[in-house]
Amino acid sequence: MEKRELIYEGKAKRVYATDQIGQVIHEFKDEATAFDGKKRGIIEGKGRVNAQMSDIIFRYLERRGIRTHHIKLLSENEILTWWLEMIPVEIIVRNYAAGSLAKRLGLPERTEMRSPLVEFYYKSDELGDPMLSREHVRELGLADEEQMDEMAAIALKVNDILRPYFEERGLVLADFKLEFGLREGRLYLGDEFSPDVCRLWDTETGEVMDKDRFRQDLGKVEETYAEVLRRIGEEETGITASVFISPKRGILDPAGQAALGALKSLGFDEVGEVRIGKYITLRLPGMEAERVMDRVREMCERLLANPIIEDYRIEIEE
Amino acid sequence: MRFGVVVFPGSNCEADCYHVINKVLREDVEYVWHQETYVSGYDCLVLPGGFSYGDYLRCGAIARFSPVMDAVSSFAREGGLVIGICNGFQILLEAGLLPGAMLRNTSLHFICRFVNLRVENSSTPWTNRAAPGQVLRIPIAHNEGNYVVDRDTHRRMVEEGRIILRYCDGEGKVSEEANPNGALDNIAGICNEGFNVFGLMPHPERASEEILGSADGLVIWESIMAYHAERG
Ligand SMILES: Nc1ncnc2c1ncn2[C@@H]1O[C@H](COP(=O)(O)OP(=O)(O)O)[C@@H](O)[C@H]1O
Ligand SMILES: [Mg+2]
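Only a predicted model underlies this, so the values are computations on that prediction, with no experimental measurement involved.

**Quick look at the overall build of chain A**
A count of helices and strands for chain A gives 8 helices and 16 strands. Sorting the 318 residues of chain A into buried and exposed places 47% on the buried side. Restricting the contact set of chain A to residue pairs at least 6 apart, pairs at least 24 apart contribute 59%. Within the structure as shown, chain A displays about 16600 Å² of accessible surface, and the carbon and sulfur contribution to it stands at 50%.

Pasting the structure below:
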């Protein structure tokens, strides 16, 4: 994969052509802007976090049937995607009132919506991204009725997938923005998913865990971006193998004997034997279940256990 | 004679080995990095002590897969002299170049002190300068030196004279009391079938100058040199 000329430089990313027809590289920047570019700054490490988070989220959405532009993560801050003919409409889904909506409708911050709202905004820096009604979209010829319906439906489906996803990771998904585009006549989810384009609040403390920390000068901006990635990056779905390694029968286990002696002296006379071993967990993302057992056994034979002195047992868990 | 001292991340006795070979024996010596995939021009390779790869998983278990170990294995297969000291011995065991394995010392303590070793076979490349049954005073420093091997292999090793050093008392008596770590049959050092690969828990490089309290380690170094000189 070869990076070719710069096609577009936006506020958060640079988009490059590649030697593959129809594929582009998004290079995520550390630069941050807010309030239509009136506030500017650098968030150290943001490019890395946003690229990696987008990679994780888009792959997760793909596995759940959402068609996205994502191909793969290329480096710590670059993503390879399909090139889309972008529809200049931003779709926003809100579970809670915050920011502009709270102000516009006079709702207290963090009021929960009766049901998720879907809104359309015109992606236009000159106009300051004004809100659009469906009639406006039709009038401007930005998308047809069918596409509007489809974008709204996908946006709600994404919300249904991601709300519990973030909930499990200790984060409330308050709202988020999506961008769509067309490829071979079909609608694809494009752009990014990161703390730049959504609001996340810590489930326990309510702490702001997104770009609002930058907008409102709340401090700990870098740390927060890193923390969000840590929470979602930690355990991706996949197969987990547990390996239990214990000293072979008939092989002396000095540590086990010492523990046995200590238990006896505490009055636990019922203990006949103690053997102390090791417990290893392996996460195997993207591996077919049928192959796991054989592979892990091979790992045990070659490295994890020493068959001269140790026995092992493997447990697989999906 | 030209020695190569193999350095793994976490080795910490390589400088001692280098010093003894270079300054005491006055022989050629070079460090061989663990990333090396090819070794040549050496008459003897030394795997020194230490905590290669932090001793994670098991002592020597990760070091044995370093690139240099393929080269060490083929060097040994072609009859080259390979000596593994302490952690180096553990690496040779994990690599299957010597039989058996190491358990934790029965005392569960890291033991660092002088021990007495009886030379059980004095006609090897490693011990030809020792008198039969000679007692050597050399220090050990390890947590996992409790050697085990299956019964058949043990019997065969005894028959073939491949048990080279055993822990004993000052008079050369091999006994339970003289066994510092619980090793099977008081085994402190063994050879492969060809006698060109030698593993031992004691550190001869720490006892090769009188100022260090013993120069008995020289018996081993000088045996290697004598063997090499004779073989030509
Ligand atoms: N798959 C894609 N193909 C082409 N353009 C895309 C794709 N995904 C996102 N884009 C566009 O690329 C730009 C990404 O850079 P960004 O810094 O976010 O720009 P902006 O400041 O315009 O939001 C956006 O204009 C976005 O609409
Ligand atoms: Mg953007």
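**Quick word on the overall build of chain B**
If you tally the helices and strands in chain B, you get 5 helices and 11 strands. Across chain B, contacts joining residues at least 24 apart in sequence account for 76% of those joining residues at least 6 apart. Total accessible area on chain B is roughly 9400 Å²; 47% of this is exposed by carbon and sulfur atoms.

**Concerning the nonpolar core**
Formed by 69 residues in total, the largest nonpolar core has its most connected members in Tyr147(B), Leu165(B) and Trp221(B). Looking at this core, the element that brings in the most residues is helix α2 (residues 67-77) of chain B, giving 6 residues. Ile66(A), Val89(A), Leu200(A) and Val221(A) belong to the second-largest nonpolar core, a separate cluster that totals 47 residues.

**So, the layout of surface pockets**
The volume enclosed by the second largest pocket comes to roughly 510 Å³. As for the second largest pocket, its lining consists of 26 residues, of which Lys278(A), Ile309(A), Glu310(A), Arg58(B) and Arg104(B) are closest to the centre. Going through the elements one at a time, β14 (239-247) and α7 (254-265) of chain A together with α3 (87-94) and β5 (101-103) of chain B are the ones with two or more residues in the lining of the second largest pocket. Along the lines of polarity and charge, the residues of the lining of the second largest pocket split into 14 nonpolar, 4 polar and 8 charged.

**Details of the sheet that holds strand β2 (residues 13-18) of chain A**
Residues and elements named next belong to chain A. In spatial order, the strands read β1-β2-β3-β7-β6; together these 5 strands make up an open sheet with antiparallel pairing. Because the sheet does not close on itself, it has two edges, and the strands there are β1 (3-9) and β6 (70-75). Each strand axis lies, on average, 30 degrees off the axis of its neighbour in the sheet, ignoring direction. Pairing analysis gives 5 bridges linking β2 to strand β3 (residues 23-28), with the strands arranged antiparallel. Within β3, the residue paired with Arg14 across the bridge is Glu27. Across the sheet, helix α1 (residues 46-63) is in contact with β3, β6 and β7 (78-82); its angle to β6 comes to roughly 150 degrees.

**Thoughts on unusual backbone geometry**
Non-glycine residue Glu184(A) carries a positive phi angle of around 50 degrees. Counting through the fold element by element, Glu184(A) comes out in the loop between β11 (171-183) and β12 (186-190). Residue classification places Glu184(A) among the exposed positions, given a relative accessible area of 69%. Non-glycine residue Tyr53(B) carries a positive phi angle of around 50 degrees. Within the secondary structure, Tyr53(B) is located in the loop between β3 (44-47) and α2. With a relative accessible area of 25%, Tyr53(B) lands in the partly exposed category.

**Overview of the site of ligand 1**
All names here are of chain A. The environment of ligand 1 is formed by 16 residues, the closest being Tyr8, Ala12, Lys13, Lys123 and Glu179. Taking Lys13, its main chain carries an N or O atom lying 2.7 Å from an oxygen atom of ligand 1. Separating a nitrogen atom of ligand 1 from a side-chain N or O atom of His69 is a distance of 2.8 Å. Out of a free accessible area of 540 Å², ligand 1 has 91% covered by protein chains. For the shell around ligand 1, the elements supplying multiple residues, two or more each, are β2 and β7. Class assignment for the residues of the shell around ligand 1 results in 7 nonpolar, 4 polar and 5 charged.

**Some details on the environment of Asn22(B)**
All names here are of chain B. Relative to the elements of secondary structure, Asn22 occurs in helix α1 (residues 14-24). Separated by 20 residues in sequence, Asn22 and Arg2 have C-alpha atoms that sit 10.0 Å apart. In contact with Asn22, other than residues within four places in its own chain, are Glu27 and Val29.

**Considerations on the interface of chain A and chain B**
Facing 15 residues of chain A, the contacting portion of chain B comprises 17 residues. Carbon and sulfur atoms supply 71% of the area buried between chain A and chain B, which totals about 1200 Å² over both sides. Inspection of the region where chain A meets chain B yields 1 salt bridge. Here Glu310(A) makes a salt bridge to Arg58(B), at a shortest N to O gap of 3.7 Å. There are 4 residue pairs in polar contact (both at pLDDT 80 or more) connecting chain A and chain B. At the level of elements, α7, β15 (278-284) and α8 (289-304) of chain A are the ones that each hand at least two residues to the side of chain A that touches chain B. Here the side of chain A that touches chain B is composed, by residue class, of 11 nonpolar, 1 polar and 3 charged.

Rules of the game
- Residues numbered from 1 in each chain as written.
- Chains lettered and ligands numbered in written order.
- Predicted model: local features only at pLDDT ≥ 70, side-chain atom pairs only at ≥ 80, totals over all residues.
- Heavy atoms only, no water.
- Helix = DSSP H or I, 4+ residues; strand = E, 2+ residues; numbered from the N terminus.
- Buried < 20%, exposed > 50% of the residue type's maximum accessible area, 1.4 Å probe, protein only.
- Contact = heavy atoms within 4.5 Å.
- Areas by Shrake-Rupley, 256 points an atom, 1.4 Å probe, with all protein chains shown as cover.
- Core = buried A, V, L, I, M, F, W, Y, C linked by side-chain atoms within 4.5 Å.
- 1 Å grid on protein atoms, 1.4 Å probe; cavity = no way out; pocket = protein on both sides within 12 Å on 5 of 7 lines; lining within 4 Å.
- Points joined across faces, edges and corners; volume = space filled by probe spheres on them.
- Nonpolar A, V, L, I, M, F, W, Y, C, P; charged D, E, K, R; others polar.
- Pairing = 2+ DSSP bridges.
- Axes fitted to C-alpha atoms, helices over the stretch in contact; angles between N-to-C directions.
- Near = heavy atom within 4 Å.
- Polar contact = N/O pair within 3.5 Å; in protein donor to acceptor, adjacent residues only side chain to side chain.
- Buried area = accessible area lost by both parts, 1.4 Å probe.
- Salt bridge = Lys/Arg side-chain N within 4 Å of Asp/Glu carboxyl O.

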